[in-house]
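Fold and contact review
Listed here are the chains, written in short residue letters.
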Amino acid sequence: MFPSKRRAAAVIAAGVLVSGLALAGGVQAQERAQDEPSTLAASLREAAAANGKFVGTAINNGLLGNSTYANIASSQFDSVTAENAMKWDSTEPSRGSFNYGGGDQLVDFAQANDQQVYGHTLVWHNQLPSWVSNGGFNASTLTSIMNNHITNVVNHFENDVEYWDVVNEVFNEDGTMRGSVFQNTIGTSFVGTAFRTADAADPDAKLCINDYNIETDNAKSDGLYNLVSSLLSQGVPIDCVGFQSHLVLDQNTSSFKSNMQRFADLGLELIITELDIRISTPADSSELQRQAQQYAGITQMCLEVSACSGITVWGISDRDSWVPGTFPGEGAACLYDDNYQPKPAYSAMVTAFGGDPGDPGDPGDPDPPTGCTASYVANRWNNGSVVELRVTTPQALSGWQITFALPAGTIVGSWNAEISQSGTSVTARNTQHNGTVAANGTVSFGFQTNSGATYSTPVVSLNGTQCTTA
Ligand code: XIL
């Protein structure tokens, strides 16, 4: 089934292309002297791509206006999943009335940043509007409501979405089918029907069944294995299994790999779709270190199982994670901390993919060093100026935002930054190409203004921290 799907060729090609590079990278890493600049992939997405895997994150559309969030999302990930915007309550809040605003916004973001979109989710008992769950429909009406929903949503995003979680969380912990409105009204056949309908709407999209607590060999994953085997034998177009992987620190995942492998042996593609590893808060540094090893372990496992095509983490930072709201007293589950600083888990994951994260701070210290130095050169003439600004950062960056005041004039052109000006206050953000900066690296960009006025050295801030001015 893989070759008929649009993304398979790209992933396989990337895997072949770069496997030699990844090996060479390992040797380089051992031989490289401490102070030599690294030639290994510095961002998560580059490191994953070097192995032919994708690395994604769930995106909360409401946070895309935060440039730090958006910069990490674009510079570190090559796949995005809508955390909520493509769920039934968002896309069809009332019967027959479809709303694609949030999904379209995510697709636009992804296309601007050369990312794939992972569609989540078509049929789920949660975030399901009550007109569906409490509608009192009979089997035939509910089937047509379900099919109509799938057809409309999948058609709308056809060509923009690579994968769909067609059904989500259809199992109980004991491996029996969950008593959702779909199961209770239609019976287990709703699953096969949903896949066939999605396939008819977009034959190129890869169609997945997604669940939690199916990572290891247990009653629930056995139930899933039996259902998927039976669906495949009936010719149901199912392409992939999504292992949500909402894990708890120190959870025993020793059978994850062999469990994945049995699904791979059915010819299915495997995706880790919602990875996070939660800790009782506050997390201490030893817990953050163990979390890092466990993120690396999952990454290593995906590398070792060739059918595993990618890993999506469920949220960027601990600040925006769903965990504290759902599991009171737990949190610290993501790759970035509450201040959008990379945690040990971030470095561990880049390293597990064979990359070199630089030194995003002492791994044992959740507060990396701060401080930056800014310098600028301005060439002025009567009616204008050309200014080059350079900012050196002691810590590695995965996205930057530099703010300063421009007392006179308007910026009329710029290079190496996306610049916005509001009155005398200017914000420069990294472009798609220069967001990743190694520790002790320098960000350099420039702009032209229509004023030749001179003024005193500006106060420059990098990601909200004021720099000293050289
Ligand atoms: C969560 C989101 O992260 C929250 O913002 C929302 O309030 C509830 O849903 N399994 C899934 C995801 O498949 O859709 C869930 O996402 C997390 C658990």
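None of the values given here were measured: they were computed from a predicted structure. (Residues numbered from 1 in each chain as written. Predicted model: local features only at pLDDT ≥ 70, side-chain atom pairs only at ≥ 80, totals over all residues. Heavy atoms only, no water.)

Under the counting rule described, the total for this entry stands at 16 aromatic pairs. Judged by centre distance (5.8 Å) and plane angle (80°), the rings of phenylalanine 243 and phenylalanine 263 are edge-to-face. Of this pair, phenylalanine 243 sits in strand β6 (residues 240-243) while phenylalanine 263 sits in helix α11 (residues 256-264); the two residues are 20 residues apart in sequence, bridging distant segments of the chain. The exposure class assigned to phenylalanine 243 is buried, which follows from its relative accessible area of 0%. Put simply, the rings of Trp88, Trp131, Phe182 and Phe190 touch in pairs and so form one group of aromatic residues. Sitting over the ring of tyrosine 212, lysine 220 keeps its end group 3.5 Å from the ring centre. A cation sits over an aromatic face here: arginine 278 above phenylalanine 327, 3.6 Å from the ring centre. (Phe/Tyr/Trp six-rings, centres within 6.5 Å; stacked < 30°, edge-to-face > 60°. Helix = DSSP H or I, 4+ residues; strand = E, 2+ residues; numbered from the N terminus. Buried < 20%, exposed > 50% of the residue type's maximum accessible area, 1.4 Å probe, protein only. Lys NZ or Arg CZ within 6 Å of the ring centre and 35° of its normal.)

With that settled, consider the sheet that holds strand β22 (residues 468-469). If you trace the five strands from one edge of the open sheet to the other, you get β15-β19-β12-β11-β22, paired in mixed fashion. Only two strands of the sheet have a single partner each, and these edge strands are β15 (411-415) and β22. Across nine bridges, the pairing between strand β12 (residues 384-393) and strand β19 (residues 441-449) is antiparallel. When the bridges of β19 are listed, threonine 393 appears paired with glycine 441. (Pairing = 2+ DSSP bridges.)

Moving on, we come to the pattern of salt bridges. Per the stated rule, a full pass over the model turns up nine salt bridges. A salt bridge links lysine 343 to aspartate 318, with the nearest nitrogen and oxygen atoms 2.9 Å apart. Linking lysine 343 in the loop between β10 (330-331) and α14 (344-352) with aspartate 318 in the loop between β9 (308-313) and α13 (323-326), this pair joins segments that are 25 residues apart in sequence. A relative accessible area of 5% means that lysine 343 is categorised as buried. A network of salt bridges, in which partner residues are shared, links Glu173, Asp211 and Lys220. (Salt bridge = Lys/Arg side-chain N within 4 Å of Asp/Glu carboxyl O.)

For helix α12 (residues 285-304), built from 20 residues, the straight-helix expectation of 28 Å at 1.5 Å per residue is met to within 8% by its first-to-last C-alpha distance of 29 Å. Every buried residue of α12 is accounted for by Glu287, Leu288, Gln291, Ala292, Tyr295, Ala296, Ile298, Thr299, Met301 and Cys302. The inward-facing, buried residues of α12 contact β7 (246-248), α11, β8 (269-280), β9 and α14. Where α12 begins, the side chain of aspartate 284 points an oxygen toward the backbone nitrogen of serine 286, at a separation of 3.1 Å. (Expected span 1.5 Å × (residues − 1). Contact = heavy atoms within 4.5 Å. Polar contact = N/O pair within 3.5 Å; in protein donor to acceptor, adjacent residues only side chain to side chain.)

Using the criterion set out here, one finds three disulfides in the structure. Between the sulfur of cysteine 302 and that of cysteine 308 lies a disulfide, 2.1 Å long from S to S. Since a negative S-S torsion denotes a left-handed disulfide, the cysteine 302-cysteine 308 link at about -95° is left-handed. The same class applies to cysteine 302 and to cysteine 308, which are both buried. At a sulfur-sulfur separation of 2.0 Å, the disulfide partner of cysteine 372 is cysteine 467. The sign of the S-S torsion, about -90°, decides the handedness of the disulfide formed by cysteine 372 and cysteine 467: left-handed. With cysteine 372 in the loop between α14 and β11 (373-381) and cysteine 467 in the loop between β21 (465-466) and β22, this pair connects stretches of sequence that are 95 residues apart. Overall, cysteine 467 belongs to the buried group, its relative accessible area being 5%. In the protein, the cysteines engaged in disulfides, taken in order along the sequence, are linked 1-2, 3-4, 5-6. (Disulfide = S-S within 2.5 Å.)

This part is about the nonpolar core. Ranked by size, the top nonpolar core spans 99 residues in total, and within it Trp164, Val167, Phe182, Phe190, Ile209, Ile272 and Leu335 carry the most contacts. In terms of residue count, the dominant contributor to this core is α12 (seven residues). The next biggest cluster of nonpolar side chains, apart from the first, holds 21 residues, and it includes Ala374, Leu397, Phe404 and Cys467. (Core = buried A, V, L, I, M, F, W, Y, C linked by side-chain atoms within 4.5 Å.)

Moving on to the site of the ligand. Neighbouring the ligand are 13 residues; Glu83, Lys87, His120, Glu274 and Trp314 lie closest to it. Here an oxygen atom of the ligand sits 2.5 Å away from a polar atom, N or O, in the side chain of glutamate 83. At 3.0 Å, a side-chain N or O of asparagine 84 approaches an oxygen atom of the ligand. Within the complex, the protein chains bury 79% of what would otherwise be the 410 Å² of accessible surface of the ligand. Grouping the constituent residues of the shell around the ligand by class yields three nonpolar, six polar and four charged. (Near = heavy atom within 4 Å. Areas by Shrake-Rupley, 256 points an atom, 1.4 Å probe, with all protein chains shown as cover. Nonpolar A, V, L, I, M, F, W, Y, C, P; charged D, E, K, R; others polar.)

Here the focus is the packing of helix α10 (residues 219-233) against α11. Between α10 and α11, the least distance of the axes is 11 Å, while the angle of their chain directions is 10°. By the angle class used here, α10 and α11 are roughly parallel. Contacts between α10 and α11 involve Ser221, Asp222, Leu224 and Tyr225 from the first element and Asn259, Arg262 and Phe263 from the second. Class assignment of the residues belonging to the contact of α10 with α11 gives a composition of three nonpolar, two polar and two charged. (Axes fitted to C-alpha atoms, helices over the stretch in contact; angles between N-to-C directions. Parallel < 35°, antiparallel > 145°, perpendicular 65-115°, else oblique.)

This paragraph deals with the side chain of serine 245. Checked against the element boundaries, serine 245 lands in the loop between β6 and β7. Of the residues examined, serine 245 reaches a relative accessible area of 0% and is grouped as buried. For serine 245, the side chain forms a polar contact with the main-chain oxygen of phenylalanine 243, separated by 3.0 Å. Those residues in contact with serine 245 that sit more than four places away from it in its chain are Glu215, Phe256, Ile272, Glu274, Leu275 and Asp276.

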